[in-house]
Amino acid sequence: DVKVTQSSRYLVKRTGEKVFLECVQDMDHENMFWYRQDPGLGLRLIYFSYDVKMKEKGDIPEGYSVSREKKERFSLILESASTNQTSMYLCASSLRGETAASYEQYFGPGTRLTVT
Amino acid sequence: SQKIEQNSEALNIQEGKTATLTCNYTNYSPAYLQWYRQDPGRGPVFLLLIRENEKEKRKERLKVTFDTTLKQSLFHITASQPADSATYLCAPTGVGSGGSNYKLTFGKGTLLTVNP
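Read on for a plain summary of the structure. Remember, it's a predicted structure, so these values are computed and weren't measured experimentally. (Residues numbered from 1 in each chain as written. Chains lettered and ligands numbered in written order. Predicted model: local features only at pLDDT ≥ 70, side-chain atom pairs only at ≥ 80, totals over all residues. Heavy atoms only, no water.)

Okay, the overall build of chain B next. Within chain B, the regular secondary structure consists of zero helices and ten strands. Here the C-alpha radius of gyration of chain B, 14 Å, is about what a compact globule of 116 residues would show, namely 13 Å. The principal-axis extents of the C-alpha atoms in chain B amount to approximately 45 × 30 × 20 Å. By residue count, 46% of the 116 residues in chain B fall in the buried class. Considering only intrachain contacts with a sequence separation of at least 6, the fraction spanning at least 24 residues in chain B is 57%. The averaged location of the 10 negative side-chain charges in chain B is 3 Å from the averaged location of its 14 positive side-chain charges. (Helix = DSSP H or I, 4+ residues; strand = E, 2+ residues; numbered from the N terminus. Rg over C-alpha atoms; globule rule 2.2 N^0.38 Å. Buried < 20%, exposed > 50% of the residue type's maximum accessible area, 1.4 Å probe, protein only. Contact = heavy atoms within 4.5 Å. Lys, Arg positive; Asp, Glu negative; His and termini not counted. Charge placed at Lys NZ, Arg CZ, Asp CG, Glu CD.)

See the structure below:
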């Protein structure tokens, strides 16, 4: 059974702290994604990676960075957390190929981050 | 700019009726369109993908249509049940090049409530 796991379900951090959100997938997927989800704004893509050590900015990368040192792991880093980064963070993964199945994304359970 | 609109933020129907959700997109030419289900506090779960050359696709009580001329997809749940209550998200797919082809932009979703 495919699985995407995230390091924490709930996290509370203080303004200015460096925050690491970890995501691990066990499906040998090439693509990995980080989204944030806010009421009224929907799911928005922060960064994605289509290969180890490769990354591309999504729609809202400001204030975030990412790291992908191993195929199965994709980390989201908040260098200096701010209150406007309070949100639900969702990680996802997908295959990289020529078939329609390559576009199906598998999501983790999410991390609800509160920055105070 | 690219835009995705899902017909309403919320839809309430009676158990046993057919729920119809709409997804309209502009300034896209997607090769596929996907639908996901999201329960509160959880990550989205993939339901169906329809190709641009398919008019209709079915999976159990779910049916999706895709009209590339109207730039619209309809998502139907027949014989709806209270357990179908969730937020449903659409995502036009396959619109970039290279690694960007695998990015998804989601609509904001429609919250479906099926009343017993």
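That shown, we press on.
Moving on, we get to the environment of Thr20(B). Residue and element names in this part refer to chain B. Tracing the chain through its elements places Thr20 in strand β3 (residues 19-26). On the basis of relative accessibility, which here comes to 32%, the residue Thr20 falls in the partly exposed class. Placed 71 residues apart in sequence, Thr20 and Ala91 show a C-alpha to C-alpha distance of 16 Å. What Thr20 contacts, discounting residues up to four positions off in sequence, is Asn7, Leu11, Phe75 and His76.

On to the state of the cysteines, then. Inspection of the entire model under this criterion finds two disulfides over all chains. Here Cys23(A) connects covalently by a disulfide to Cys91(A), the sulfurs 1.9 Å from one another. Between Cys23(A) and Cys91(A), the disulfide has an S-S torsion of -75° and is therefore left-handed. Of this pair, Cys23(A) sits in strand β3 (residues 19-25) while Cys91(A) sits in strand β9 (residues 87-94), and the two are 68 residues apart along the sequence. Residue Cys23(B) pairs covalently with Cys90(B) via a disulfide, S to S 2.0 Å. Disulfide Cys23(B)-Cys90(B): torsion about the S-S bond near 65°, hence right-handed. Of this pair, Cys23(B) sits in strand β3 while Cys90(B) sits in strand β9 (residues 86-93), and the two are 67 residues apart along the sequence. Per residue, the accessibility class of Cys23(B) equals that of Cys90(B), and both read buried. (Disulfide = S-S within 2.5 Å.)

All names here are of chain B. Assignment of secondary structure puts Asn12 in strand β2 (residues 10-14). Distance in space between the C-alpha atoms of Asn12 and Val114 is 6.0 Å, their sequence separation being 102 residues. Filtering out sequence-adjacent residues up to four positions away, Asn12 remains in contact with Thr113 and Asn115.

Right, let's talk about the pattern of salt bridges for a bit. As enumerated under the stated definition, the model contains twelve salt bridges over all chains in all. Note that Asp39(B) and Arg37(B) form a salt bridge whose closest N and O atoms lie 3.0 Å from each other. The salt bridge partner of Arg58(B) is Glu56(B), with a shortest N-O separation of 2.9 Å. Among the residues examined, Glu56(B) registers a relative accessible area of 40% and is labelled partly exposed. A single salt-bridge network, built from bridges that share partners, covers Asp28(A), Glu30(A) and Lys71(A). (Salt bridge = Lys/Arg side-chain N within 4 Å of Asp/Glu carboxyl O.)

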